[in-house]
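Close look at the chain arrangement
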There are 2 protein chains.
Amino acid sequence: MSEELMTIREMCAEFDVTARTLRFYEAKELISPLREGQKRLFTKRDRARLKLILRGKRFGFSLEEIRQLLNMYDLGDQQQTQMLRTYELAQNRLAAMEAQAAELAEAIQELRDQIEWGKTILADRNISSE
Amino acid sequence: MSEELMTIREMCAEFDVTARTLRFYEAKELISPLREGQKRLFTKRDRARLKLILRGKRFGFSLEEIRQLLNMYDLGDQQQTQMLRTYELAQNRLAAMEAQAAELAEAIQELRDQIEWGKTILADRNISSE
DNA sequence: GTTAAAGCTTACGTCAACGTAAACTTACGT
DNA sequence: ACGTAAGTTTACGTTGACGTAAGCTTTAAC
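Anyway, here's the lowdown on the structure attached to this text. This one's a predicted model, so the numbers in the text were calculated from it and none came from an experiment.

Thresholds applied
Residues numbered from 1 in each chain as written. Chains lettered and ligands numbered in written order. Predicted model: local features only at pLDDT ≥ 70, side-chain atom pairs only at ≥ 80, totals over all residues. Heavy atoms only, no water. Axes fitted to C-alpha atoms, helices over the stretch in contact; angles between N-to-C directions. Helix = DSSP H or I, 4+ residues; strand = E, 2+ residues; numbered from the N terminus. Parallel < 35°, antiparallel > 145°, perpendicular 65-115°, else oblique. Contact = heavy atoms within 4.5 Å. Near = heavy atom within 4 Å. Polar contact = N/O pair within 3.5 Å; in protein donor to acceptor, adjacent residues only side chain to side chain. Nonpolar A, V, L, I, M, F, W, Y, C, P; charged D, E, K, R; others polar. Phe/Tyr/Trp six-rings, centres within 6.5 Å; stacked < 30°, edge-to-face > 60°. Buried < 20%, exposed > 50% of the residue type's maximum accessible area, 1.4 Å probe, protein only.

**Focus on the packing of helix 1 (residues 8-15) of chain A against helix 2 (residues 19-27) of chain A**
Residues and elements named next belong to chain A. Viewed as axis vectors pointing N to C, helix 1 and helix 2 meet at an angle of 105 degrees, and their least axial separation amounts to 9 Å. As far as their axial angle goes, helix 2 and helix 1 are roughly perpendicular. Where helix 1 approaches helix 2, its residues I8, R9, M11 and C12 are matched on the opposing element by A19, L22 and R23.

Okay, here's the thing in structure tokens:
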């Protein structure tokens with residue numbers, strides 16, 4: 001592990017993904033490792049992006065959606081027009097995520113109630129069987 | 001709309017899904033409409049379950065996962081063994097959902113910061129261009 | 001010098017969750 | 001009587017996100 005650049009195997013170990021997955025993400029332009037001849041060398045930037053990709057996936061975003069989110073993280077070196085567009089996109093995405101979070105919270109509460117109800121029934125049965 | 005039983009078209013309209021989807025869910029044993037000859041008639045129970053199915057999908061659960069969650073909602077008429085198993089399943093699912101909610105909250109905060117940062121840059125540019 | 005490990009490309013396979021088309025069968029309105 | 005609208009089954013097609021296998025090169029180790 002040369003601190004800065006990592007081989008594909010090292011990446012696989014660190015992030016628990018297959019080499020196929022990394023090549024696939026490169027083909028989809030989600031990451032862009034350097035080349036030493038044929039071989040891929042993954043930079044710090046690639047690792048940061050991969051982290052975000054995997055998190056995005058856990059949230060149920062498609063790779064295409066994630067690609068757009070990733071662009072949003074590249075704000076620094078953009079033109080103003082592009083920034084405004086990106087900013088707008090971020091707003092929408094944020095609203096969607098907040099909505100999802102709210103709904104998720106609600107469902108969690110319902111599930112909690114359901115479990116509590118199950119508990120009650122179990123308790124009743126235990127009492128009545130003594 | 002006979003209040004109690006609904007045709008497939010009525011279901012499609014009410015839940016904004018296709019007939020194919022409803023038949024597909026029946027094949028997967030997520031819903032089980034009555035039959036009047038060949039034709040399906042959807043009950044209140046089917047509608048309640050479909051609601052949960054669609055919500056589950058929004059959370060990114062697979063249909064198989066949703067099927068298990070649905071069984072959880074059928075606690076009432078189960079044996080104790082089955083209930084314990086189901087209860088356990090509910091606990092796991094709840095933990096997973098809470099973890100997801102936490103992670104989501106974190107991501108939302110990061111996104112918010114990112115947007116704030118973008119705003120700052122925009123503001124700076126506006127000032128420096130005057 | 002050659003074998004093994006790690007890498008590469010190309011390309012077909014797979015699985016979930018439906019879409020879509022074909023070829024019927026009632027049920028209803030005129 | 002007849003079209004047409006709503007329903008059905010059967011079955012092949014599609015998209016996203018990779019898995020998997022074949023065949024070739026490069027580097028490290030013995």
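From this point, the discussion proceeds with the structure in view.
**Overview of the protein's contact with DNA strand D**
Around DNA strand D, the structure places 18 residues, and the nearest of them are T18, Y25 and K57 of chain A together with R9 and R40 of chain B. Within 4 Å of the protein, the contacting atoms of DNA strand D are 71% sugar and phosphate, with bases supplying the remainder. With respect to DNA strand D, the backbone of L63 of chain A contributes an N or O atom lying 2.9 Å from a phosphate oxygen. In this structure, T7 of chain B approaches DNA strand D through a side-chain N or O atom, which is 3.2 Å from a phosphate oxygen. Mapped onto the surface near DNA strand D, the elements with two or more residues apiece are helix 2 of chain A together with helix 1 (8-15), helix 2 (19-27) and strand 2 (39-41) of chain B. By residue number, the principal contributor to the surface near DNA strand D is helix 2 of chain A, which donates 4 residues. For the surface near DNA strand D, the class distribution of residues is 4 nonpolar, 5 polar and 9 charged.

**Observations regarding the protein's contact with DNA strand C**
Contacts to DNA strand C come from 18 residues, most closely from R9 and R40 of chain A together with T18, Y25 and K57 of chain B. Backbone sugar and phosphate groups make up 70% of those atoms of DNA strand C lying within 4 Å of the protein. One of the side-chain nitrogen or oxygen atoms of R9 of chain A is found 2.3 Å away from a phosphate oxygen of DNA strand C. At 3.4 Å from a phosphate oxygen of DNA strand C is found a side-chain nitrogen or oxygen belonging to T21 of chain B. Elements with a contribution of two residues or more to the surface near DNA strand C: helix 1, helix 2 and strand 2 (39-41) of chain A together with helix 2 of chain B. Taken together, the residues that form the surface near DNA strand C break down as 4 nonpolar, 5 polar and 9 charged.

**Quick look at the packing of aromatic side chains**
Residues and elements named next belong to chain A. In this structure the tally under the stated criterion is 2 aromatic pairs over all chains. When the centroid spacing of 6.3 Å and the interplanar angle of 55 degrees are considered together, the rings of F24 and Y25 count as tilted. By relative accessible area, which is 32% here, F24 ends up partly exposed. The exposure class assigned to Y25 is buried, which follows from its relative accessible area of 5%.

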